[in-house]
Every structure is written in C-alpha cells, then in structure tokens.
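Residue-level listing of the chains:
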Amino acid sequence: MTYAVTAASGQLGHAIAERLIDRFGPEQVIGLARSPQNAADLGIEIRAGDYDDRAQLEASLAGVSALVLVSGMAPPDDRILQHRNVIAAAKSAGVSRLVYTSIQGPEDGTPFSPIVQSNRQTEADIRASGLDWAIGRNGIYIEPDVDYIDSYRARGEIANSAGDGCCGYTTRAELAEAYAALLTRGGMGGRLVNLNGAPITQAQLAAYLNAAFGTDLRYRAISPEAYVADRTAELGSFFGPIIGGIYDGIRLGAYDRPGDFEMVTGRAHQSWDEYFAALAD
Ligand SMILES: NC(=O)c1ccc[n+]([C@@H]2O[C@H](COP(=O)([O-])OP(=O)(O)OC[C@H]3O[C@@H](n4cnc5c(N)ncnc54)[C@H](OP(=O)(O)O)[C@@H]3O)[C@@H](O)[C@H]2O)c1
C-alpha cells in the first residue's frame, strides 16, 4: 500500500503525513503539494499537487492506493472545481480509497454558509465517485485562539457573537490522528464522521486561556452586527463577515456535537484540561 496526502505543505496535511510516516515508515507515504519545497522537511517523496491542474494530479497519484484530500482554501465555486480535479485524478490514477477533510458549520443563513456548502458539494461528489470513501467533518481549530492570546490580553476580554453556544473545537494534531485512521483502518469505508473534542462555551475557553497564560480574560457576548464590524475592521470586508458567520454558527449550535473521534481512532479526543495544561508547562 502507498498512502498519500494532499497539501502536505500546509499544517494539517503535514501533520497527517507525519502520522502516516509513524505508522508505515517513509517509503510508504507520498506527499502532494502545490509548493513542494514547503514539504521537503517531511523526508518523504513529495510530488507536485496543484488542485487547479488535473493532469498534474493524475500523474502524481500514480501508484497511490489511498489518498487524503485536504480541503482547499479557494472561494466556494473554485474550491468545488479544484476538489473535482482531485477526485477525477484519483479515479483515473487507480486510487482505491479517498478520504476528505470536510468541515462542520452552519449550512444556511450565515456568511460562512457558502463555504460550508462547498464542502457539502465535495462530499456529494466523493460519494458519487464510485471510490471507497470516508469523510471527516472537522470542528474548529483551537490553535488560532491560542495564537491570538496577546490580542486577547490587550483587550482584556473575548468578545464575539457566539453567546452561550458550545463549540466542539479540535486540534490539527488530533485531526491528523483521525485522518490516518480513516485512511488505513478497516471498517471506515463509507463513514461520515464528526471530528471534534468536547464542546465548550466561550466563557469556558476564556477560563482555559486564563489558566494556561495567567490572563484575566472575561467573555462578553456582543451582537452579530457588532462582531462583524469588529472583525471587518481588523481583517477586511471579505474575511470579517466570514468569521462572523462562524461565530453565528457557534451560537446557533452548528458545532455542538459529541463527535465520533473515539469511534474512529479507538481512543478519546484529547481533553481541554490536558491540552491547556500542556500549554502552561
Ligand atoms: N477547522 C478549522 O478551524 C479551519 C480553519 C482554517 C482552515 N480550515 C480548512 O482546513 C484546511 C487545512 O488547514 P491548514 O491548517 O493545513 O491550512 P494551511 O496551513 O494554511 O495550509 C493550506 C494548504 O492548502 C494548500 N493549497 C492552497 N491552494 C492549493 C491548491 N490550489 N492546490 C494545492 N494545495 C493548495 C496550501 O499549499 P501552499 O503551501 O502551496 O500554499 C497549503 O498546503 C484549509 O485548507 C481549510 O479548508 C479549517
């Protein structure tokens, strides 16, 4: 068996490649990357893998038995077409199992919903492909909130439109473990799973950050309109509403799920007590 992962130059693809190398050794793992030089440190064969180039993808998937497609970053309509290039190339190249990193999120009624819908379209395309498939729907990465700690500290608070909604965050490391399992374990074919840790509120997130970093952050719920204005001032008029839409999704319960991580990996998702305690060390 030869296992491969796309976007090996990115953080999630890189982490998945590392888990596969741990399990099977470097000879059985191939990375695809639009920017191969950014994945060279993995110490495995890296092949060209631009989602916009179907012929290149097909050539690069020669000999690959099972592939993880890491969701791209392009706007929704382009993203659907890029993912179709990967699916078609995988079929032509004789890949037998295709695993896709999809997302949880609000499917309708928010500025983030078109992105969620583009992921749903790729899920449908994969299910219709005739390939053996498995699909994970990722919870929200928790790392950006940790990386944002200096900004939170400067503001003295976490203020957003999530309200009392619970969010099943996850980490790229835990996702990598789950995707390695979805790709390689028996009984995973045809599975659509939610991959996240225990759902927590923003107030709980603030408490965890306080414990890890010695801050005194409070959580303050603000209106969706005020939060979009806040994010737009920092991130611009394209990303501001999208971020607002993610927090609308938290408030509306789109990320409040127990998740299937343990069924997929055979162990519980890392607890937030453990995750934040390690950050404090
Ligand atoms: N769950 C969440 O909270 C969350 C948050 C953000 C994103 N996401 C999704 O998760 C995915 C992976 O996240 P990440 O942390 O690994 O992001 P990341 O570190 O920013 O990596 C993004 C990867 O996508 C690759 N890529 C972009 N356009 C491509 C193309 N046309 N062809 C091939 N590769 C392309 C990049 O390649 P280059 O090295 O060539 O740029 C890079 O490897 C993202 O793509 C996004 O869909 C999820």
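Residues numbered from 1 in each chain as written. Predicted model: local features only at pLDDT ≥ 70, side-chain atom pairs only at ≥ 80, totals over all residues. Heavy atoms only, no water.

**As for the overall build of the chain**
The criterion, for reference: For the purposes of this entry, the term helix denotes a DSSP run of H or I that reaches at least four residues, the term strand denotes a run of E that reaches at least two, and both are numbered from the N terminus. Computation of the radius of gyration draws on C-alpha atoms alone. For the globule rule, the value is 2.2 Å times the number of residues to the power 0.38. Remark: exposure states derive from per-residue accessible area (1.4 Å probe, protein chains only) relative to the maximum for the residue type, with buried under 20%, exposed over 50%, and partly exposed in between. Throughout, a residue-residue contact means that at least one pair of heavy atoms, one from each residue, lies within 4.5 Å. Computed with a 1.4 Å probe, the accessible areas rest on the Shrake-Rupley method; for each residue, only the protein chains presented here act as cover. All tallies of charge rest on Lys and Arg as positive and Asp and Glu as negative; His and the ends of each chain are not included. Each charge is placed at NZ for Lys, CZ for Arg, CG for Asp and CD for Glu.
The secondary structure content of the chain amounts to eleven helices and nine strands. At 19 Å, the chain has a C-alpha radius of gyration in line with the 19 Å of a compact globule built from 281 residues. Taking the principal axes of its C-alpha atoms as reference, the chain extends roughly 55 × 40 × 35 Å. Within the chain, the proportion of its 281 residues that are buried is 54%. Expressed as a percentage of contacts within the chain between residues at least 6 apart in sequence, the contacts between residues at least 24 apart total 76%. If you sum the accessible surface of the chain, you get close to 11700 Å²; carbon and sulfur atoms cover 49% of it. Both charge centroids of the chain, one from 23 positive and one from 35 negative side chains, sit 4 Å from each other.

**As for the pattern of salt bridges**
Rules: For this analysis, a salt bridge means a side-chain nitrogen from Lys or Arg found within 4 Å of a carboxyl oxygen belonging to Asp or Glu.
All told, the structure shown has 16 salt bridges when counted by the stated rule. Residue Arg-19 is joined to Asp-22 by a salt bridge in which the shortest nitrogen-to-oxygen separation is 2.7 Å. Of the two residues, Arg-19 and Asp-22 both sit in helix H1 (residues 11-24), three residues apart, roughly one turn of that helix. The residue Glu-174 makes a salt bridge to Arg-267 at a minimum N-O spacing of 2.7 Å. Remark: Arg-267 occurs in the loop between helix H10 (261-265) and helix H11 (272-280) and Glu-174 occurs in helix H7 (residues 172-184); sequence separation between them is 93 residues. Taking relative accessible area as the criterion, Arg-267 reaches 31% and is therefore assigned partly exposed. Taken together, the shared-partner salt bridges in this structure form one network comprising Glu-107, Arg-120, Glu-123 and Arg-137.

**Quick look at unusual backbone geometry**
In this structure, Ala-7 is a non-glycine residue whose phi angle is positive, near 50 degrees. If you trace the backbone, Ala-7 turns up in the loop between strand E1 (3-5) and H1. Under the relative-accessibility criterion, Ala-7 is labelled partly exposed at 22%.

**Things to note about the pairing of strand E7 (residues 157-160)**
Going by this rule: The pairing criterion for strands is at least two bridges between them, as found by DSSP.
Here E7 shows a buried face lined by Glu-157 and Ala-159 and a second buried face lined by Ile-158 and Asn-160. By the bridge criterion, four bridges tie E7 to strand E9 (residues 218-221) in an arrangement that is parallel. Along E9, the bridge assignment pairs Ile-158 with Tyr-219.

**A few points about helix H3 (residues 76-93)**
Applicable threshold: Here the expected length of a helix is defined as 1.5 Å per residue gap, with one fewer gap than residues.
Spanning 18 residues, H3 covers 26 Å between terminal C-alpha atoms, matching the ideal 26 Å at 1.5 Å per step. All of the buried residues along H3 are Arg-79, Ile-80, Gln-82, His-83, Asn-85, Val-86, Ile-87, Ala-88, Ala-89 and Ala-90. Each element contacted by the buried residues of H3 is listed here: helix H2 (54-60), strand E4 (66-70), strand E5 (97-103) and helix H4 (113-127). Positioned one or two residues after H3, Gly-94 has a phi angle of 90 degrees, which is positive.

**Points about the packing of aromatic side chains**
Our working rule: Stacked, tilted and edge-to-face pairs are distinguished by plane angle, under 30 degrees for stacked and over 60 for edge-to-face with tilted covering the rest, among Phe, Tyr and Trp rings (Trp via its six-membered ring) whose centres lie within 6.5 Å.
In this structure the tally under the stated criterion is eight aromatic pairs. Ring geometry for Phe-238 against Phe-239: centres 5.0 Å apart, planes inclined by 80 degrees, an arrangement best described as edge-to-face. On the accessibility criterion, Phe-239 (48% relative accessible area) is partly exposed. Their ring planes at 55 degrees and their centres at 6.5 Å tell us that Trp-272 and Phe-276 sit as a pair that is tilted. Of this pair, Trp-272 and Phe-276 both sit in helix H11, four residues apart, which is roughly one turn of that helix. Both residues of the pair, Trp-272 and Phe-276, count as buried. Clustering of aromatic rings is evident, with ring pairs tying together Tyr-208, Trp-272, Tyr-275 and Phe-276.

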